[in-house]
Amino acid sequence: QVQLVESGGGLAQPGGSLRLSCEVSGSIRSMVTMSWWRQRPGNQRDMVASINTALRYAPSVQGRFTISRDDNKNTIYLQMNNLKSEDTALYFCRYYNLESRSGVWGQGTQVTVSS
(Lines give C-alpha, C1' and ligand atoms only; values in the text may rest on other atoms or scores of the structure.)
Protein backbone atom coordinates (compact mmCIF):
# COMPACT_ATOMS: atom_id res chain seq x y z
CA GLN A 1 0.00 0.00 0.00
CA VAL A 2 1.41 3.34 -1.06
CA GLN A 3 1.66 5.91 1.71
CA LEU A 4 1.91 9.68 1.43
CA VAL A 5 3.47 12.07 3.92
CA GLU A 6 2.77 15.76 3.50
CA SER A 7 4.70 18.61 5.07
CA GLY A 8 5.28 22.32 4.72
CA GLY A 9 1.98 23.78 5.80
CA GLY A 10 1.73 26.60 8.30
CA LEU A 11 0.89 30.24 8.71
CA ALA A 12 1.69 32.82 6.05
CA GLN A 13 0.78 36.45 5.57
CA PRO A 14 -1.19 37.61 2.54
CA GLY A 15 1.24 37.96 -0.35
CA GLY A 16 3.60 35.46 1.25
CA SER A 17 4.76 32.03 0.13
CA LEU A 18 4.78 28.45 1.32
CA ARG A 19 6.00 25.22 -0.22
CA LEU A 20 4.23 21.94 0.43
CA SER A 21 5.92 18.58 -0.01
CA CYS A 22 4.43 15.13 -0.45
CA GLU A 23 6.74 12.14 -0.12
CA VAL A 24 5.44 8.92 -1.63
CA SER A 25 6.51 5.48 -0.39
CA GLY A 26 6.31 4.06 -3.94
CA SER A 27 7.48 5.12 -7.37
CA ILE A 28 5.81 8.04 -9.12
CA ARG A 29 7.67 7.59 -12.40
CA SER A 30 4.99 6.14 -14.64
CA MET A 31 1.26 5.50 -14.85
CA VAL A 32 0.78 7.76 -11.82
CA THR A 33 -0.98 11.08 -11.53
CA MET A 34 -0.07 13.13 -8.49
CA SER A 35 -2.21 16.03 -7.40
CA TRP A 36 -2.89 18.54 -4.65
CA TRP A 37 -6.37 19.18 -3.35
CA ARG A 38 -7.72 21.49 -0.68
CA GLN A 39 -10.74 21.59 1.55
CA ARG A 40 -12.10 24.60 3.38
CA PRO A 41 -14.36 24.05 6.41
CA GLY A 42 -17.86 23.15 5.29
CA ASN A 43 -16.83 22.83 1.66
CA GLN A 44 -16.04 19.95 -0.67
CA ARG A 45 -12.51 18.93 -1.52
CA ASP A 46 -11.34 20.64 -4.72
CA MET A 47 -8.37 19.91 -6.93
CA VAL A 48 -5.70 22.60 -6.95
CA ALA A 49 -3.08 21.17 -9.29
CA SER A 50 -2.10 17.89 -10.89
CA ILE A 51 0.93 16.49 -12.68
CA ASN A 52 1.58 13.51 -14.91
CA THR A 53 2.62 14.15 -18.51
CA ALA A 54 1.02 17.59 -18.24
CA LEU A 55 0.34 20.19 -15.58
CA ARG A 56 -3.13 21.31 -14.65
CA TYR A 57 -4.21 24.09 -12.31
CA ALA A 58 -7.44 25.36 -10.89
CA PRO A 59 -8.23 28.82 -12.28
CA SER A 60 -8.08 30.32 -8.80
CA VAL A 61 -4.39 29.41 -8.39
CA GLN A 62 -3.14 29.67 -11.99
CA GLY A 63 -0.07 31.89 -12.10
CA ARG A 64 0.45 31.76 -8.33
CA PHE A 65 0.96 28.06 -7.56
CA THR A 66 3.41 25.67 -9.21
CA ILE A 67 3.33 21.90 -8.95
CA SER A 68 6.54 19.97 -9.55
CA ARG A 69 8.02 16.53 -8.97
CA ASP A 70 11.33 14.93 -8.13
CA ASP A 71 11.17 11.35 -9.37
CA ASN A 72 14.44 10.44 -7.69
CA LYS A 73 12.98 11.38 -4.31
CA ASN A 74 9.42 10.17 -5.09
CA THR A 75 8.26 13.58 -3.95
CA ILE A 76 5.97 16.23 -5.35
CA TYR A 77 5.83 19.86 -4.34
CA LEU A 78 3.40 22.73 -4.42
CA GLN A 79 5.02 26.14 -4.44
CA MET A 80 2.43 28.69 -3.39
CA ASN A 81 3.19 32.35 -4.00
CA ASN A 82 1.17 35.52 -3.53
CA LEU A 83 -1.03 33.73 -1.01
CA LYS A 84 -4.50 35.04 -0.32
CA SER A 85 -6.80 34.56 2.65
CA GLU A 86 -9.05 32.39 0.50
CA ASP A 87 -6.16 29.93 0.10
CA THR A 88 -6.64 28.99 3.75
CA ALA A 89 -7.56 25.31 3.76
CA LEU A 90 -6.46 21.80 4.59
CA TYR A 91 -4.29 20.66 1.70
CA PHE A 92 -4.14 17.02 0.63
CA CYS A 93 -1.79 15.15 -1.62
CA ARG A 94 -3.26 12.41 -3.81
CA TYR A 95 -1.65 9.49 -5.60
CA TYR A 96 -3.60 7.89 -8.43
CA ASN A 97 -2.37 4.85 -10.30
CA LEU A 98 -3.72 4.92 -13.85
CA GLU A 99 -3.02 1.22 -14.39
CA SER A 100 -4.72 -0.18 -11.30
CA ARG A 101 -7.18 2.72 -11.10
CA SER A 102 -6.56 3.05 -7.39
CA GLY A 103 -5.88 6.14 -5.36
CA VAL A 104 -4.45 7.11 -1.99
CA TRP A 105 -4.85 10.31 0.03
CA GLY A 106 -2.34 11.89 2.34
CA GLN A 107 -3.31 12.95 5.85
CA GLY A 108 -3.47 16.65 4.97
CA THR A 109 -1.50 19.71 6.00
CA GLN A 110 -3.06 22.96 7.17
CA VAL A 111 -2.33 26.21 5.37
CA THR A 112 -3.52 29.42 7.02
CA VAL A 113 -3.13 32.79 5.35
CA SER A 114 -3.72 35.65 7.74
CA SER A 115 -2.20 38.94 8.78
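Scroll up a little and you will see the structure.
For clarity, every value in this text was computed on a predicted model and none was experimentally measured. Counting of residues starts from 1 at the beginning of each chain's written sequence and follows it residue by residue. In view of the model being predicted, local features appear only for residues whose pLDDT reaches at least 70, and side-chain atom pairs are presented and counted only at 80 or more, with totals across whole chains, interfaces and linings using the full set of residues. To get the side-chain values, take all heavy atoms of the structure and skip hydrogens and water.

Peer 1: Give me the pattern of salt bridges: which residues, what numbers.
Peer 2: Opposite charge on two side chains permits pairing when their charged atoms draw close. Salt bridges are defined by distance alone: a side-chain nitrogen of Lys or Arg within 4 Å of a carboxyl oxygen of Asp or Glu. In the structure shown here, the tally under the stated rule is three salt bridges. Close ionic contact of Asp-87 with Arg-38 constitutes a salt bridge, the shortest N to O distance being 2.9 Å. Taken as a pair, Asp-87 in the loop between β8 (75-80) and β9 (89-97) and Arg-38 in strand β4 (residues 32-39) lie far apart in primary sequence, 49 residues in all. Its relative accessible area of 6% is what places Arg-38 among the buried residues. One salt bridge in this structure joins Arg-69 and Asp-71, with 2.9 Å as the shortest N-O distance. Going along the chain from the N terminus, every DSSP run of H or I of four or more residues is numbered as a helix, and every run of E of two or more is numbered as a strand. Think of it in three bands: residues with accessible area under 20% of the maximum for their type are buried, residues over 50% are exposed, and the middle band is partly exposed, with areas taken using a 1.4 Å probe on protein chains only.

Peer 1: For the state of the cysteines, give the residues involved together with the corresponding values.
Peer 2: Here, the term disulfide refers to a pair of cysteine sulfur atoms separated by no more than 2.5 Å. Throughout the structure, instances matching the rule amount to one disulfide. Between the sulfur of Cys-22 and that of Cys-93 lies a disulfide, 2.1 Å long from S to S. Taking the sign of the S-S torsion, about -80° here, the bridge from Cys-22 to Cys-93 comes out left-handed. Taken together, the residues Cys-22 in strand β3 (residues 18-24) and Cys-93 in strand β9 connect sequence positions 71 residues apart. Classification of Cys-93 by relative accessible area gives buried; the value is 0%.

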